[in-house]
Amino acid sequence: MSLGAKVRSGARLSLLNTVVIRIGNFAAGVVLARTLLGPREWGLYATGMVALGVLLSANEMGVSLAIVRWDRDVREFAPTVMTLSVLSSSALYAALYVAAPTTARLLGSPDATGMLRVLCLSVVIDGLACVPNQIIAREFRQGARMALDLLNFLVTTATTLALAYHGAGAMSFAWGALAGNLCALAGCAVVVPGALRPGWSTAEAKALVTFGLPLAGASLLVLAMLNVDSVVTGALLGPVALGFYQLAFNVSSWPVRSISEAARRISFAGFSRVAGSPEALSDAFGRGLGLLMAAAVPPCVLLATLAAPALDLIYGPRWAPAAGVLRYLALLGLLRIAYELAYDCLAAAGRRSSLIGVQGLWLAALVPVLLLGAHRWGIAGVGAGHIAVAAAVAGPAFLWGLRRTGINPVVVGRACLRPFVGALMMAALSYAVFRWTGQTRWGMFVAAAVALAAYVPLVLPMRSLLRTPAPAEELPAHEPAMAGDGDR
């Protein structure tokens, strides 16, 4: 099967997988938020997820990406990847276990210590599973990925709901996640036999660390940017405010998870195969960005303009304080989808120092803006600060990084033109129709339908981007040695 056929097949299965799992997570979240757990429990869970996210960004030092990136026999270096990943993951968890009380206190939730220690055990499991997971990605085996994700979801959800029903509170999230990850790890051993075998080669270890650390550093900066808002909110405004913020962030992430995560399961591998040709890479990025933006605009714009009635309908009136920040975070989600694709493109092209520079600049600008926003306007100020920095600082920085790979800003502008015009049209129509119908629930559905009816004809011609040009399918994978020269 050609590369293009593998990518298209993988994309379809990945999208189906992501949609099914996200619908299931959404339904479980609604049940928990409406009946069993309140803002404080969600805030404590958010505290644990902040710590886990930071650990996961650096737990295997970026070495597992070599399984996807290197054009070599995986069996030569996969055992060393496994050993490095498990050792680093275990060391990080040990440090977290000791520092859990202090970490919870600094995050504004002193009673989250137990949550941190249980939930973050998942970092060790992730270290064990990194090799089979990356082999699945390398081979575009999205059917296997879907089976593992479904197993994880079913076990996690069943355990979480059962424990929450019996009064476990926020700890039900932690034990549920741990149970699901353990079952997924067992599934990895079945799907990719022999992939959990450790080994060691000093020469391979040096090459892997040299390759992976810059990517891990960039990934850590990404996670810092996506979690610094939760840190600021929890530390300055407390766990209840963090619970409202976390729910709004989760809702705003629905499009990101459904669209961007499906794309990212194949984008890095796909970009890596054409990274040796600037023209092919530029074409692939332009096509991918156009399709993602066309798909992401409707949910992001409708969440921004109809935040209050949507939250009231789905989660109930006690979550109304989350509507103000959701308006900003929904638009941030649209930018996140574009930036995550740009991140994968830069990583595949070997622009590791560019990635670190972009993420470092973004984070440096974000921290003071979020602190000011939280102090002056609460959680809404945090959301507004997030999108202001993402648009004014991160956007130009990513354009600069992409230009260094040979992707002209004109390519980006052309890909985003129709979705951008459609976004403005949808925002105006949905807002106007919702007010005209008296801001009722049925008016929300009418507003969404009218906005979508105007948007679809505008972006329908972009379906031609689904056709992959044949020459790009046969380009060789880009060697890691060449990637290291990319930033000169």
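Conventions used here
- Residues numbered from 1 in each chain as written.
- Predicted model: local features only at pLDDT ≥ 70, side-chain atom pairs only at ≥ 80, totals over all residues.
- Heavy atoms only, no water.
- Helix = DSSP H or I, 4+ residues; strand = E, 2+ residues; numbered from the N terminus.
- Rg over C-alpha atoms; globule rule 2.2 N^0.38 Å.
- Contact = heavy atoms within 4.5 Å.
- Patch = residues over 30% accessible without salt bridge, like charges linked within 9 Å, V, L, I, M, F, W, Y side chains within 5 Å.
- Areas by Shrake-Rupley, 256 points an atom, 1.4 Å probe, with all protein chains shown as cover.
- Salt bridge = Lys/Arg side-chain N within 4 Å of Asp/Glu carboxyl O.
- Expected span 1.5 Å × (residues − 1).
- Bend = angle between axes of the 7 residues up to and from the residue.
- Axes fitted to C-alpha atoms, helices over the stretch in contact; angles between N-to-C directions.
- Parallel < 35°, antiparallel > 145°, perpendicular 65-115°, else oblique.
- Left-handed = near helix turned anticlockwise from the far one by under 90°.
- Nonpolar A, V, L, I, M, F, W, Y, C, P; charged D, E, K, R; others polar.
- Core = buried A, V, L, I, M, F, W, Y, C linked by side-chain atoms within 4.5 Å.
- Buried < 20%, exposed > 50% of the residue type's maximum accessible area, 1.4 Å probe, protein only.
- pLDDT = per-residue confidence, 0-100.
- Disulfide = S-S within 2.5 Å.
- Phe/Tyr/Trp six-rings, centres within 6.5 Å; stacked < 30°, edge-to-face > 60°.
- Lys NZ or Arg CZ within 6 Å of the ring centre and 35° of its normal.
- Polar contact = N/O pair within 3.5 Å; in protein donor to acceptor, adjacent residues only side chain to side chain.

Enquirer: How should I be thinking about the overall build of the protein chain in this particular structure?
Expert: Along the protein chain, the regular secondary structure elements total 17 helices and zero strands. Relative to the compact-globule value of 23 Å for 488 residues, the protein chain shows a C-alpha radius of gyration of 22 Å, a close match. The C-alpha extent of the protein chain, read off along each of the three principal axes, is 65 × 55 × 40 Å. Pairs at least 24 apart in sequence give 85% of the contacts found in the protein chain among residues at least 6 apart.

Enquirer: Help me understand a nonpolar patch on the surface in this model?
Expert: Taken together, the side chains of Leu417, Phe420, Val421, Leu424 and Met425 define a hydrophobic patch exposed on the protein surface, amounting to about 470 Å² of accessible area. Relative to the helices and strands, methionine 425 is located in helix H15 (residues 409-436).

Enquirer: Help me understand helix H14 (residues 352-404) in this model?
Expert: Because an α-helix packs 3.6 residues into every turn, residues spaced three or four apart end up facing the same way. Taking 1.5 Å per residue as the helical rise, H14 with its 53 residues ought to reach 78 Å, whereas the 12 Å between its terminal C-alpha atoms falls clearly short. Roughly 150° is the biggest bend found in H14, and it falls at tryptophan 377. Note on H14: the residue one or two positions beyond its end, glycine 406, has a positive phi of about 100°.

Enquirer: Looking at this model, I keep getting lost on the packing of helix H7 (residues 142-165) against helix H8 (residues 171-191). Mind explaining?
Expert: For any two helices packed against each other, the geometry comes down to the angle between their axes and how far apart the axes lie. H8 packs onto H7 with a crossing angle of 155° between their chain directions and a minimal axis gap of 7 Å. Relative to H8, the element H7 is oriented roughly antiparallel. The two elements H7 and H8 meet at a crossing, and its hand is right-handed. In the contact of H7 with H8, the residues fall into 14 nonpolar, nine polar and no charged.

Enquirer: Help me understand the nonpolar core, please; the structure alone is not making it clear to me.
Expert: A general tendency of soluble globular proteins is for nonpolar side chains to be buried together. The biggest cluster of nonpolar side chains holds 146 residues, and the ones touching the most others in it are Val131 and Phe285. Top contributing element to this core by residue count: helix H13 (residues 323-348), with 17 residues. Residue contacts for valine 131: discarding those within four places in its chain leaves Ile67, Ala78, Val81, Met82 and Ala195.

Enquirer: Which parts of the structure should I look at to understand the confidence of the model for the protein chain?
Expert: Do not read the fine detail of predicted coordinates wherever pLDDT is low. Residues at a pLDDT of 70 or more form 90% of the protein chain, whose mean pLDDT is 85. This model gives residues 470-488 a pLDDT under 50, and the stretch forms 39 contacts once residues within four places in sequence are excluded.

Enquirer: Would you take a moment to explain the packing of helix H4 (residues 74-106) against helix H6 (residues 122-138) for this structure?
Expert: Across the interface, H4 lies against H6 with an axial gap of 7 Å and an inter-helix angle of 155°. Between H4 and H6, the crossing angle belongs to the class labelled roughly antiparallel. Along this stretch, H4 crosses H6, giving a crossing that reads as right-handed. In this structure, H4 uses Val74, Ala78, Val81, Met82, Ser85, Val86, Ser89, Ser90 and Tyr93 to contact H6, whose residues at the interface are Val123, Val124, Gly127, Leu128, Cys130, Val131, Ile135 and Arg138. When grouped by side-chain class, the residues that make up the contact of H4 with H6 number twelve nonpolar, four polar and one charged.

Enquirer: Would you explain the state of the cysteines in this entry?
Expert: The final tally for this structure, using the stated rule, is zero disulfides. Free of any disulfide, cysteine 120 has its nearest neighbouring cysteine sulfur in cysteine 130, separated by 18 Å. Between cysteine 188, a free cysteine, and cysteine 130, which holds the nearest cysteine sulfur, the sulfur-to-sulfur gap is 9.9 Å.

Enquirer: Explain the pattern of salt bridges here, please?
Expert: Note that side chains of opposite charge can pair when their charged atoms are close. Following the criterion strictly, the structure yields five salt bridges and no others. Between arginine 40 and aspartate 111 there is a salt bridge whose closest N-O contact spans 2.7 Å. Here arginine 40 is found in helix H2 (residues 39-58), whereas its partner aspartate 111 is found in the loop between H4 and helix H5 (113-119), with 71 residues between them in sequence. Accessibility expressed as a relative area gives 36% for arginine 40, which makes it partly exposed. The class for aspartate 111 is partly exposed, based on a relative accessible area of 45%. Between arginine 287 and aspartate 283 there is a salt bridge whose closest N-O contact spans 2.9 Å. In this pair, arginine 287 and aspartate 283 both sit in helix H11 (residues 278-305), four residues apart, roughly one turn of the helix. Under the relative-accessibility criterion, aspartate 283 is labelled partly exposed at 32%.

Enquirer: Looking at this structure, how should I read the packing of aromatic side chains?
Expert: Two numbers describe a pair of aromatic rings. These are the distance of the centres and the angle of the planes. Enumeration according to the criterion identifies twelve aromatic pairs in this entry. Judged by centre distance (5.6 Å) and plane angle (80°), the rings of phenylalanine 244 and tryptophan 319 are edge-to-face. Residue phenylalanine 244 is found in helix H9 (residues 202-252), and its partner tryptophan 319 is found in the loop between helix H12 (307-315) and H13; the two are separated by 75 residues along the sequence. A single burial state applies to phenylalanine 244 and to tryptophan 319, both of which are buried. Of note, arginine 117 hangs over the ring of tyrosine 97, and the distance from its end group to the ring centre comes to 4.2 Å.

Enquirer: I tried to follow the environment of serine 253 on my own but got confused; where do I start?
Expert: You can see serine 253 is positioned in the loop between H9 and helix H10 (254-274). Sequence spacing of serine 253 and valine 367 is 114 residues, and the spatial spacing of their C-alpha atoms is 21 Å.

Enquirer: It is not clear to me how the side chain of serine 267 should be interpreted in this structure. Could you clarify?
Expert: Within the secondary structure layout, serine 267 lies in helix H10. Here the side chain of serine 267 touches aspartate 344 through a polar contact of 2.7 Å, side chain to side chain. Not counting chain neighbours up to four residues away, the residues in contact with serine 267 comprise Leu341 and Asp344.

Enquirer: Looking at this structure, how should I read the environment of serine 88?
Expert: Examined against the element boundaries, serine 88 turns out to sit in helix H4. For serine 88 and valine 123, which are 35 residues apart along the polypeptide, the C-alpha to C-alpha distance reads 9.8 Å. Among the polar contacts listed, one links the side chain of serine 88 to the backbone oxygen of leucine 84, at a separation of 2.9 Å.

Enquirer: In this structure, what is going on with H7? I would like to understand it.
Expert: Compared with an ideal rise of 1.5 Å per residue, which puts 24 residues at 34 Å, H7 spans 34 Å between its outermost C-alpha atoms and is within 8% of the ideal. Of the residues making up H7, those classed as buried are Gln142, Ala144, Arg145, Leu148, Asp149, Asn152, Phe153, Val155, Thr157, Thr160 and Ala164.

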